[in-house]
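Architecture and fold: a report
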Amino acid sequence: MRNRMNIIKWPLRNLPARHFSTTARCGQAAEPGIDIGSNKVGLGCPIHGHRARSTHAAIDTSVFENVAPSVKSWEEVPGPKPLPLLGNTWRFIPYIGGYSVEHVDKVCLSLREQYGNCVKMAGLLGRPDMLFVFDAWEVERVFRGEDVAPHRPSMPSLNYYKHTLRRDFFGAEDNCAGVIAVHGEAWSAFRTKVSKVALSAGAAAEYTVPVAQVADAFVNRIRKIRNEKQETPDDFLNEVHKWSLESLGLVALDTRLGCFEASEGSESQRLIDAVNTFFLCVGELELRAPWWRIYPTAMFKRYVAALDTILSVTLNHVERALEETRKANSSKSLLQDLVAAAGARVAAVAALDMFLVGIDTTSNAVASTLYQLSLRPNVQEKLYKEITGVLQGRPMKPGDVNQMPYLRACIKEVLRMYPVVIGNGRQLTKDTVICGYNIPKGTQVIFQHYVMGNTEEYFTKASEFCPERWIQRTAGQNHHPFASLPFGFGKRMCLGRRFAELEIHTVICKMVQAFKMEYHHQPLEYHVHPMYTPNGPIRLKLIER
Ligand code: HEM
C-alpha cells in the first residue's frame, strides 16, 4: 500500500507559482560541506515538490489550506503488526522471525515494497517505536525542520558508560560529555566548541601530507603481505582498519601510533586492542538482549575496560599536546587548536568520540570502494588518468583532490549504492507530521538511505555504477539531494566528514596509482556488520603498475 502523501503530490506539484507551506524555507543555504547545490535538475522544488523553482517568493497559505490533506493518526501508519507481549521484536529471532539484523538492508527493501514510503515498526522491546522513511522529500522536510538540538538515536551502552558509570568525568560541572550519545544543551555546547575547529575550511587540508604518508605506508604494507597469487590476505579488512586507526591517530592525537608495526605492550598496541574490543562488543551489546542493564556481563566489563583504556591513552596524548602548545606558544594541529580553543578535557573527549565513530566507518568505506573498483577496470583506468594528470609524478599536496572530480564522484557513487551507515535517524523532539501522519515525540525516525539511494525514483538507472552522474547532468536524469546523505545532514552532520574524505580520497588515489586491482572469486554480498560492508574475505589481486 502506497501512503497517502504520494497520492496527494500530483495536485500540489501542478499548482502554479505558489508555495504550499507557511514555513517558507526555500533557498535555505545548505549546511557546510553538503553538496546540494549541484542537484537542482529534474525534481523541482525540494521542499514543496512543485516544479518551478523560480517561484519561491510568493507565499499563499490559502492554497495550502485548500489542498492540504487531513493529517492521519499514528495508529494509521502502515507496518507489520506487533504481537501481544512480544511486539515486533520476535521478527528478529533467528530462524523464526524472518527479519535479520545482518540483512536489515533487505528487510527495509521489502518493508517499502509491502507498506510504502513510511512504515511503522512498533513494539520493539526496550526501544522506542520506529518509523522507517523512504521518501526523500520527507527526509528533507524533517531535516530542515530540525530544532536547535536534534536527537540522534544513540547507543544505550555508551550512554550508560558516559552518563552513569563515568559520570564523574563526563558529567562534571561543565558537562563535558562529547557528542556521541549526548543530547540537548550539553551536546549543543560541546559541538559548538569542536565544530568551529573540526569543520573549519582548510582544517583537514593541513593534514594532506601526513595522511598521504600513512597511505604510502599502507600501500607498502599491502605490497609485502600479498600472497603468491598477488592477492590480499583474508584479513585484508583488518589491515584497512589499521590504516584507518593510524590516520585517525594523526588527526585526533597528533601522533603516529605505528599501527602497522606496534610492539606488544606498547601504548599504541593497547589503544589498538582497546578500539578492536570496543567494536567487537558494541554490536553485541546493542543488538542482542540487553542483559548488561541488569548485571555487568563479562562482555560489558570488557567493553568498559576498553573505553577506559581509550580514554586514558587519549588523555596522555592531550597532556603532551598541551605541553607542546605551551612551549611553542602557538598551535600546529587540530588537537592543539582544540586544546587552545576549548581546553584539554574537551580535546580529550572529542578525540575519544572520534575513535568511537571514525575508524570502522572510514575503513569499511575504503574496503568497499577497493572491492567495487576491482570489478571495474574501465573506472580504474579513468581514475588513473585523472590522478596522474593532476600529480604529474610529484607527491600530493593540499588542494590536489579538488582537481580530481572523478575520484570524488567514485566515492560518492560507492556510498550511494553501498552507504556504510545504511540509515541515519532522529528521535523526534516534538510531534511532527511525516508523510501525512502525525508522528509522536520520542519516535525514532530512520531515514533509509540505502533504499532511497538505490531507488529509480531518486536516481536514474539506480542499479548502474555511474560516477559521472555526480559530475555532469544529462537531461531527464533524476538525482534527489536528500536520497543519498552518507554523512548525514544539518546540525548533527558528521563532524569528521572533511577528515574522512581526505583520508579516503588519498588512500584510493595511492592504491590506483600503485596497482591494477582485480577480483577473481565469488561475488561478495553486502551485510550489516554493523557497517554495510562486503561479506567475506576481500581477496584483491594487486598487479603493479
Ligand atoms: C566514511 C566515513 C564516515 C561516514 C560515512 C560517517 C557517517 C556519519 C553519519 C551518518 C553520522 C550521523 C550524522 C547525522 O546524524 O546527521 C556521523 C556522525 C559523526 N561522525 Fe562520522 N562518518 C565517517 C567518518 C568519521 C570520522 C573519520 C570521524 C572523526 C574524525 C567522524 C566523526 C563523527 C562524529 C563525532 C559524529 C557525531 C556528530 C554529532 O552527533 O554531533 N566520522 N558520521
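Residues numbered from 1 in each chain as written. Predicted model: local features only at pLDDT ≥ 70, side-chain atom pairs only at ≥ 80, totals over all residues.

As recorded in an unreviewed UniProt entry, the chain goes by Probable cytochrome P450 49a1 and comes from Galleria mellonella. We quote the UniProt Cofactor (unreviewed entry) comment for the chain here in full: "heme". (UniProt positions renumbered as here; feature names shortened; annotations may be inferred.)

A word on the overall build of the chain
Helix and strand content of the chain: 18 helices and 10 strands. By residue count, 43% of the 545 residues in the chain fall in the buried class. Within the chain, counting contacts between residues at least 6 apart in sequence, those at least 24 apart form 73% of the total. (Helix = DSSP H or I, 4+ residues; strand = E, 2+ residues; numbered from the N terminus. Buried ≥ 20, exposed ≤ 12 C-beta atoms within 10 Å, placed from the backbone. Contact = placed C-beta atoms within 7 Å.)

A word on the packing of helix 9 (residues 236-253) against helix 13 (residues 344-358)
Contact geometry for helix 9 and helix 13: axes closest at 10 Å, N-to-C directions at 160°. Here helix 9 lies roughly antiparallel to helix 13, going by the angle between them. Read as a crossing pair, helix 9 and helix 13 show a hand that is right-handed. Within the contact between the two elements, helix 9 uses Leu248, Ala252 and Leu253 and helix 13 uses Ala351, Met354, Phe355 and Gly358. (Axes fitted to C-alpha atoms, helices over the stretch in contact; angles between N-to-C directions. Parallel < 35°, antiparallel > 145°, perpendicular 65-115°, else oblique. Left-handed = near helix turned anticlockwise from the far one by under 90°.)

Section: the environment of Cys259
Inspection of the secondary structure puts Cys259 in the loop between helix 9 and helix 10 (267-287). For the pair Cys259 and Arg167, spaced 92 residues apart in sequence, the C-alpha separation works out to 31 Å. Setting aside residues no more than four positions away along its own chain, Cys259 makes contact with Lys242, Leu245, Glu246, Ser268 and Ile272.

Thoughts on the packing of helix 14 (residues 360-374) against helix 18 (residues 497-514)
When two helices pack together, their arrangement is captured by the angle between the axes and the distance separating the axes. The geometry of helix 14 relative to helix 18 is characterised by a closest axis approach of 10 Å and an angle of 30° between their N-to-C directions. In this structure, helix 14 meets helix 18 at a crossing whose hand is right-handed. Packed against helix 14, whose contacting residues are Thr361, Thr362, Ala365, Val366, Thr369 and Leu370, the element helix 18 presents Ala500, Glu503, Ile504, Val507, Ile508 and Met511 at the interface.

Quick notes on the sheet that holds strand 3 (residues 424-427)
Note: strands within a sheet are paired through backbone hydrogen bonds, in either parallel or antiparallel orientation. Read from one edge to the other, the open sheet built from four strands follows the order 1-2-6-3, with strand pairing classed as mixed. Looking along the sheet, the strands with just one partner apiece sit at the ends: strand 1 (118-121) and strand 3. The sheet shows a mean angle of 20° between the axes of neighbouring strands, taken without regard to direction. Sheet analysis places strand 1 next to strand 2 (residues 130-133), joined by four bridges and oriented antiparallel. Note that in strand 2 the partner of Lys120 across the bridge is Leu131. (Pairing = 2+ DSSP bridges.)

Here's the deal with unusual backbone geometry
Look at the link from His529 to Pro530: it is a cis peptide, with omega at -20°. By secondary structure assignment, the location of Pro530 is in the loop between strand 8 (526-528) and strand 9 (532-534). The phi angle at Leu85 is positive, at roughly 70°, despite the residue not being glycine. Relative to the assigned elements, Leu85 resides in the loop between helix 2 (61-67) and helix 3 (104-115). The exposed category is assigned to Leu85, around which 9 C-beta atoms lie within 10 Å.

Examining the domain arrangement of the chain
Interface size, as often reported, equals the accessible area lost upon joining of the parts. On domain assignment, one finds that the chain holds domain 1 (4-152 + 422-470) and domain 2 (166-413 + 489-544). Counting from both sides, the interface comprises 24 residues of domain 1 and, opposite them, 28 residues of domain 2. The class makeup of the residues in the side of domain 1 that touches domain 2 is 14 nonpolar, four polar and six charged. (Domains from an automatic or database assignment. Nonpolar A, V, L, I, M, F, W, Y, C, P; charged D, E, K, R; others polar.)

Looking at the site of the ligand
Around the ligand sit 27 residues in total, of which Gly358, Thr361, Gly488, Cys494 and Gly496 are the nearest. Residue assignment for the shell around the ligand shows that the elements contributing at least two residues are helix 9, helix 13, helix 14 and helix 18. A per-element tally of the shell around the ligand places helix 13 first, with four residues. Residues that form the shell around the ligand fall into these classes: 17 nonpolar, six polar and four charged. (Near = placed C-beta within 6 Å.)

Here's the deal with the environment of Phe279
Considering the arrangement of structural elements, one finds Phe279 in helix 10. Expressed as a C-alpha distance, the spacing of Phe279 and Arg91, which sit 188 residues apart in the sequence, is 25 Å.

With respect to helix 18
Its 18 residues give helix 18 an end-to-end C-alpha distance of 26 Å, which sits within 8% of 26 Å, the value for a rise of 1.5 Å per residue. Judged by how many residues are buried, helix 18 sits mostly within the fold: 15 of 18 residues are covered. (Expected span 1.5 Å × (residues − 1).)

A short note on the pairing of strand 6 (residues 444-447)
The pairing of strand 2 with strand 6 spans four bridges and is parallel. Its bridge partner lying in strand 6, Leu131 is registered against Val445. Bridge count between strand 3 and strand 6: four bridges; the pairing is antiparallel. Along strand 6, the bridge assignment pairs Gly425 with Ile446.

Focus: the confidence of the model for the chain
Mean pLDDT over the chain stands at 83; residues scoring 70 or higher make up 85%. Confidence drops under a pLDDT of 50 for residues 1-67, and excluding neighbours within four residues, the segment shows 94 contacts in the predicted structure. Interface confidence for the predicted complex, expressed as ipTM, amounts to 1.00; the pTM equals 0.86. (pLDDT = per-residue confidence, 0-100.)

A look at the environment of Ser363
Note on placement: Ser363 falls in helix 14. Classification of Ser363 as buried rests on a count of 27 C-beta atoms within 10 Å. Counting along the chain gives 122 residues from Ser363 to His241, while the straight-line C-alpha distance between them is 5.3 Å. Residues in contact with Ser363, not counting those within four places in the same chain, are Leu237, Val240, His241, Trp243 and Ser244.

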